[in-house]
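Inside the fold
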Amino acid sequence: MTGPAALGRPDVVLLAATTNKLLKPFEAVVLLLQATNLVMSAVNDRYRPGAIWIVVVLGIVHLALAVLVLYQRGPLTRGHAWTFTWIAMIFVVQLALAHLLAPGDFASYGNGVPLGNYALIPLTVFAFYPWGGFRSSRQRWAIECGLVVAVALHPLLIIGLLRRWDLTTMHLRSVALYAVWAVVWFLVGKGIAWLCRIAVQVEKEALTRSYEAALGDFHSHVESAARRIDSGQDPREVGRELRETTYQRRRQLLLQEHNAGAVDIVKNAVRLHGDQLTLLSSPEMGALTIPREQAIVLEQGLADLLKNVVDHGGGAVDLKFALHGATMVFDVTDRGPGLAPGTFADPASNMQRLRASLVALGGDLVLREPGPEGGAALRLTLPLRADR
Amino acid sequence: MRVLLVEDEGVAAQMAVTELRDALPCEVTVVPDPVEALTRLHRERFDIAVVDMLYQAHSVEFERRRRLGSVRLTDPRLHLSGLAVLHAARTATPEVRTVLWTNGESNRRLHMLFAREQLGCRVMCPKDAVGKLVTAVRAAVDEQDHVDPVLRMYFPPANAPTLAETFFTSSTRLAVWRAMALGVHEHAAIGKIVGVTAGTVRRGMDAIRAKLVAFDPGCTEDGPPTAEVVRYASQNWQFFLDDTVRGFHR
């Protein structure tokens, strides 16, 4: 075994992909919670006259940012520079709002710090943000510890600036409580990171098991075919069955990929029929890959259409491909007797079932006018990704 | 006619030898390893070279070293594939005709485009079809283009960007691709290998992904660019770390 597990390392590609997928929605959630925290502070805390609107407006800005990062990339997924800008902004906002509170109110009741959650909530996400990557854990731990300490002690600095370091027991108690919560929020983030690693490990193990199962099953089919040929069965018949099995196993493996090669999908569907199917033209698709969700529907669609060509269309097919923007267009034309519009439109037919799955992903299947050589002409369209 | 068959799978090689000997007056030399094939091409004269693309023993050993982090972009030799044999056959003895003999699996996709685009390979034949190799060899002897319809699907559609336009426009960006193919995914570490700052790598990622999406519209434009570019580099490391590709584009 030469895989990453054998070397005692996490699968960094899978881990990075999973973490990045988690970070994007979390960014929006954190900004939403910060917005809520600002509005709640405007309602619950005492501010200087007129300052309350500044807090409310800040809350609305955070809400707008939360909506924005749902559709655009947020600071964490834009890289370290943006992330550090966000951290700096958290400290600045907390410091500025402390100056807008009613004089003497900041952390003076011994029960925590006003707007404390504004800085604590992002700590959860920073706990599983890949500082310095997944391989330099020492660097990551240094940044994380520094961040927790800075967040926990920041109120102390604010009190010092506001009261010229005239600290009361209540102030120290508030800061101590706040520090405890900082550690708790950070550990919650570490818990999420831990779950993320478990998810990656489980996904990897499931993938390995499915490969092993597919290959083991395939191996037993090959053994069985060899024995059947030895016992006198027609090798051509055994070969045909083996081809069908190979197609099914290849299909399983192919559709495990994050993105499957467009050519691999078409090639697999063509290979299933062996000599019974002749390609009259090749769809030139180059290095195009197709996201898994679309690949599954396309693979099934092409398999159904090519089976129709073999069963009813004379076994020769003109297969054309074009990419219109981000939409794949496959034209499948055979040389058979053609397909009646009524038969195509029959709701119980394979065609309409396929059409329904294509429509669900923004695509379609339409019956076209046959060319001068007759036969059935169908157009399958499928966007490479669903609209948001 | 002397045929050099470079193929590491015994059964496939044996079937090809039988097929060629039954149909053509030829002497077939089977070589299971690209390194040996390069030596034979320099020492002996062949009329035709039938070349498989990837060689399991060589790839497995290289992959082991890659995962251990012991491969360097400056190593004297990177991953060796059929591209090296195709190139050697063309340059060492120009009269040798070449046939690319491959099933075109997904990790050979970019190799096939490179063979066509940069090495001018015009005869391609799938391994799994009985009888097609003879037709391909005859086409090569007659200096005719012959690409099996199934393999022709790997040709890019009209107006699609070429490999050169996508990956070989800048030596720095190509080095970034190679660093990621080595298994390095952090901007700072990539920058260290390439010789630029982490910020330069990070700022260049959007442009790298934009070119990738134009080349393969199935790649996503959503999310952070580095994740998508790393995924693509990891899937196609055999190409980005190919010794012949490096020889053409440093």
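Keep in mind that this is a model prediction, so the values were computed, not measured.

Here is what the cut-offs are and how they apply
Residues numbered from 1 in each chain as written. Chains lettered and ligands numbered in written order. Predicted model: local features only at pLDDT ≥ 70, side-chain atom pairs only at ≥ 80, totals over all residues. Heavy atoms only, no water. Core = buried A, V, L, I, M, F, W, Y, C linked by side-chain atoms within 4.5 Å. Buried < 20%, exposed > 50% of the residue type's maximum accessible area, 1.4 Å probe, protein only. Helix = DSSP H or I, 4+ residues; strand = E, 2+ residues; numbered from the N terminus. Contact = heavy atoms within 4.5 Å. Domains from an automatic or database assignment. Buried area = accessible area lost by both parts, 1.4 Å probe. Salt bridge = Lys/Arg side-chain N within 4 Å of Asp/Glu carboxyl O. Polar contact = N/O pair within 3.5 Å; in protein donor to acceptor, adjacent residues only side chain to side chain. Nonpolar A, V, L, I, M, F, W, Y, C, P; charged D, E, K, R; others polar. Axes fitted to C-alpha atoms, helices over the stretch in contact; angles between N-to-C directions. Parallel < 35°, antiparallel > 145°, perpendicular 65-115°, else oblique. Left-handed = near helix turned anticlockwise from the far one by under 90°. Pairing = 2+ DSSP bridges. Phe/Tyr/Trp six-rings, centres within 6.5 Å; stacked < 30°, edge-to-face > 60°. Right-handed = clockwise from strand over helix to strand, strands pointing away.

In this structure, W177 and Y232 of chain B are the most contacted members of the largest nonpolar core, which totals 108 residues. Ranked by residue count, the leading element in this core is helix α9 (residues 292-312) of chain A, at eight residues. Apart from the residues within four sequence positions on either side, W177 of chain B is in contact with F167, I208, L212, V229, Y232, A233 and F240 of chain B.

Attention now moves to helix α8 (residues 262-271) of chain A. In terms of burial, α8 of chain A is largely enclosed, as 10 of its 10 residues are buried. Of all the positions in α8 of chain A, only A262, V263, D264, I265, V266, K267, N268, A269, V270 and R271 of chain A are classed as buried.

All names here are of chain B. If you check the domain split of chain B, you get domain 1 (2-152) and domain 2 (163-248). Computed over C-alpha atoms only, the centres of domain 1 and domain 2 are separated by 27 Å. Facing 27 residues of domain 1, the contacting portion of domain 2 comprises 24 residues. Surface buried jointly by domain 1 and domain 2 totals about 2200 Å² across both partners, of which 64% is contributed by carbon and sulfur atoms. Of all residues in domain 1, R66, L73 and L110 give up the largest surface area on contact with domain 2, accounting jointly for 33% of the area buried on that side. At the surface where domain 1 touches domain 2, the tally comes to zero salt bridges. At the boundary of domain 1 and domain 2, one finds 12 residue pairs in polar contact (both at pLDDT 80 or more). No other element matches the five residues that helix α5 (residues 109-117) contributes to the side of domain 1 that touches domain 2. A breakdown of the residues in the side of domain 1 that touches domain 2 according to their chemical character gives 13 nonpolar, nine polar and five charged.

Residue and element names in this part refer to chain A. Here A295 is to be found in helix α9. The sequence separation of A295 and L68 amounts to 227 residues, and the corresponding C-alpha distance is 30 Å. Apart from residues no more than four positions distant in its own chain, A295 is found in contact with L255, A260, I265 and I290.

The next subject is the packing of helix α2 (residues 51-71) of chain A against helix α3 (residues 80-100) of chain A. All names here are of chain A. Axis separation between α2 and α3 bottoms out at 10 Å; the angle between their running directions is 160°. Taken together, the axes of α2 and α3 are roughly antiparallel relative to one another. In terms of crossing hand, the pair formed by α2 and α3 is left-handed. Seen from α2, the contacting residues are A51, I54, V55, L58 and H62; seen from α3, they are M89, V93, L97 and L100. Split by residue class, the contact of α2 with α3 holds eight nonpolar, one polar and no charged.

What follows concerns the sheet that holds strand β2 (residues 278-281) of chain A. To summarise the sheet geometry, strands pair through backbone hydrogen bonds and adopt either a parallel or an antiparallel arrangement. Residue and element names in this part refer to chain A. An order of β2-β4-β5-β7-β6 is seen for the five strands of this open sheet, with the pairing classed as mixed. Of all strands in the sheet, those bounded by a partner on one side alone are β2 and β6 (364-368). Pairwise comparison of adjacent strand axes, ignoring direction, gives a mean angle of 25° for this sheet. Here β2 runs beside strand β4 (residues 316-324); their pairing, made up of three bridges, is parallel.

All names here are of chain A. Where helix α5 (residues 137-163) meets helix α6 (residues 169-230), the axes come as close as 10 Å, and the angle between the chain directions of the two elements is 155°. With respect to their mutual orientation, α5 and α6 come out roughly antiparallel. Note that α5 runs across α6; the crossing there is right-handed. Across the interface between the two elements, R140, W141, E144, V148, V151, A152, P155, L156, I159 and R163 of α5 pack against H171, L172, V175, Y178, A179, A182, V183, F186, K190 and R197 of α6. Tallied by class, residues from the contact of α5 with α6 come to 14 nonpolar, one polar and five charged.

This paragraph deals with the pattern of salt bridges. The tally for this structure, following the rule as stated, stands at 28 salt bridges over all chains. Between R228 of chain A and E241 of chain A there is a salt bridge, with its nearest N and O atoms 2.8 Å apart. Here R228 of chain A is found in helix α6, whereas its partner E241 of chain A is found in helix α7 (residues 235-254), with 13 residues between them in sequence. Two residues, E284 of chain A and R152 of chain B, come together in a salt bridge whose shortest N-O distance is 4.0 Å.

On the chain A side, the residues contacting the 42 residues of chain B number 42 residues. Across the interface of chain B and chain A, roughly 3400 Å² is buried in total on both sides, 55% from carbon and sulfur atoms. Where chain B packs against chain A, one counts two salt bridges. Run the count over chain B and chain A and you get 14 residue pairs in polar contact (both at pLDDT 80 or more). Only α3 (56-68), α5, α7 (149-152), α11 (198-215) and α12 (225-235) of chain B provide two or more residues apiece to the side of chain B that touches chain A.

The phi dihedral of L115 of chain A falls on the positive side, at around 60°, and the residue is not glycine. In this structure L115 of chain A comes out as buried when scored by relative accessible area, which is 7%. In this model, E143 of chain B sits at a positive phi of 60°, which is unusual for a non-glycine residue. Position of E143 of chain B relative to the elements: it lies in the loop between α6 (132-141) and β6 (146-147).

Looking now at the sheet that holds strand β4 (residues 97-101) of chain B. All names here are of chain B. Across the sheet, six strands lie side by side as β2-β1-β3-β4-β5-β6; this open sheet has parallel pairing. Sheet topology places β2 (27-31) and β6 at the edges, where each strand pairs with a single neighbour. Taken together, the five bridges between strand β1 (residues 2-6) and β2 define a ladder with parallel strand orientation. The partner of V3 across the bridge, within β2, is V28.

Another aspect to go through is the domain arrangement of chain A. When cut into domains, chain A gives domain 1 (4-204) and domain 2 (258-383). Between the C-alpha centres of domain 1 of chain A and domain 2 of chain A the distance comes to 51 Å.

Right, let's talk about the packing of aromatic side chains for a bit. All names here are of chain B. Taken as a whole, this structure holds 15 aromatic pairs over all chains when the rule is applied. An angle of 90° between the planes, with centres 6.1 Å apart, marks the rings of F114 and F168 as edge-to-face. Taken together, the residues span a long stretch of sequence, with F114 in helix α5 and F168 in the loop between α8 (163-167) and α9 (171-181) at a distance of 54 residues. Relative accessible area serves as the criterion here: at 13%, F168 is assigned to the buried category.

Take the pairing of β1 of chain B next. Residue and element names in this part refer to chain B. With four of five residues buried, β1 is to be regarded as a mostly interior element. Crossover handedness for the path β1 to helix α1 (residues 10-23) to β2: right-handed. Sheet topology note: the β1/strand β3 (residues 48-51) ladder contains four bridges and is parallel. Looking across to β3, one finds that V6 is bridged to V51.

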